[in-house]
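Chains, contacts and geometry: an overview
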Amino acid sequence: MDRKHRRAKALIWTAVLWAVISCGGCGPKYEPVSLDKGTQAAPKGDASQTKEEKEKKETAPEQEEKDRAAEERETKNDATKPESTAVAESGETESSESEEVSSSEEAAETLSPDDMFYQQCGMSREEAEHGRISFIEDVMNDSRDAVAARISYPRTVTVASGSYQVQDAVSFLAYYDEIFTDAFKMELDRQAEQELFCSDGMISFGDGLVWFFPSDSGISMGVGTINGLDGCSVRYGQE
């Protein structure tokens, strides 16, 4: 009985084992990688790679030509930049200079005649007028010392006898009568009320018979030049 039982049990296990084996066969089968297939796949990759290289080689000349053209444009731009910059800077300089000139002209136009007078000679018209009147009065009154004190020294005095270097007022008095003649006084009186004007920082009136300049020696205006009659004069000059 036991023998039969063991035999039956063995048959059952045998049947179970075959069933398991059969079920395993129903699943996906393992397919080993073929060395031949792998070897055959390589040429496909080489072919695609070769195609890309061919495309690169075909497009390389065109790309090089484009790059070369771009470099040439950059070089031309760099070459023209300094010139254009210089032109722009010169244009700015010219415009700034013209603006300065125009602004100075506008400022000059806005100044009054008295302000212009002061700007040119450094003293007001009123002070200059006072100095002129004082000088003319001293000449007309024959105040020799006062007239000689107004002259700036050294000076070259030219009279009929020649030209002489004068270093001070005392030396000048020796030639006084030859400079301030009656004819000179009449001409001075005739121009006495003509308008004052400035030139090179000096002040005169009429025909420029006498030229004054601002002085810091205690006198409102000093005498720099006297254009006398008959070739007589008092001017600055050294031998």
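Everything in this summary refers to the structure shown in the same document. Predicted, not measured: the structure shown is a model, and the values here were computed from it.

1. A closer look at a negative patch on the surface
On the surface, Glu 64, Asp 67, Glu 71 and Glu 72 cluster together into a negatively charged patch. If you trace the backbone, Asp 67 turns up in helix α2 (residues 35–110).

2. Let's talk about the pattern of salt bridges
For the coordinates displayed, the defined rule picks out eight salt bridges. Measuring nitrogen to oxygen at the nearest pair gives 2.4 Å for the salt bridge that ties Arg 144 to Asp 177. Within this pair, whereas Arg 144 is found in helix α5 (residues 144–150), its partner Asp 177 is found in helix α7 (residues 176–179), the two being separated by 33 residues in sequence. Residue classification places Asp 177 among the partly exposed residues on the basis of a relative accessible area of 47%.

3. Quick word on the side chain of Lys 185
Relative to the helices and strands, Lys 185 is located in helix α8 (residues 182–191). With no salt bridge to any partner, buried Lys 185 finds its closest opposite charge in Asp 142, at an N-O distance of 4.1 Å.

4. Observations regarding the pairing of strand β2 (residues 162–166)
In this sheet, β2 lies alongside strand β1 (residues 155–159) in antiparallel orientation, the contact comprising five bridges. Pairing of Val 157 across the sheet is with Tyr 164, part of β2. Once β1 ends, the chain turns through two residues before running back antiparallel as β2.

5. Some remarks on the nonpolar core
Judged by nonpolar contacts, the single largest core of 33 residues is most densely connected at Phe 135, Phe 172, Phe 180, Leu 188 and Ile 203. The element that contributes the greatest number of residues to this core is helix α4 (residues 125–140), accounting for four residues. Apart from residues no more than four positions distant in its own chain, Leu 188 is found in contact with Phe 135, Ile 136, Val 139, Met 140, Phe 205, Leu 209 and Val 210.

Criteria and thresholds
- Residues numbered from 1 in each chain as written.
- Predicted model: local features only at pLDDT ≥ 70, side-chain atom pairs only at ≥ 80, totals over all residues.
- Heavy atoms only, no water.
- Patch = residues over 30% accessible without salt bridge, like charges linked within 9 Å, V, L, I, M, F, W, Y side chains within 5 Å.
- Areas by Shrake-Rupley, 256 points an atom, 1.4 Å probe, with all protein chains shown as cover.
- Salt bridge = Lys/Arg side-chain N within 4 Å of Asp/Glu carboxyl O.
- Lys, Arg positive; Asp, Glu negative; His and termini not counted.
- Charge placed at Lys NZ, Arg CZ, Asp CG, Glu CD.
- Helix = DSSP H or I, 4+ residues; strand = E, 2+ residues; numbered from the N terminus.
- Buried < 20%, exposed > 50% of the residue type's maximum accessible area, 1.4 Å probe, protein only.
- Pairing = 2+ DSSP bridges.
- Core = buried A, V, L, I, M, F, W, Y, C linked by side-chain atoms within 4.5 Å.
- Contact = heavy atoms within 4.5 Å.

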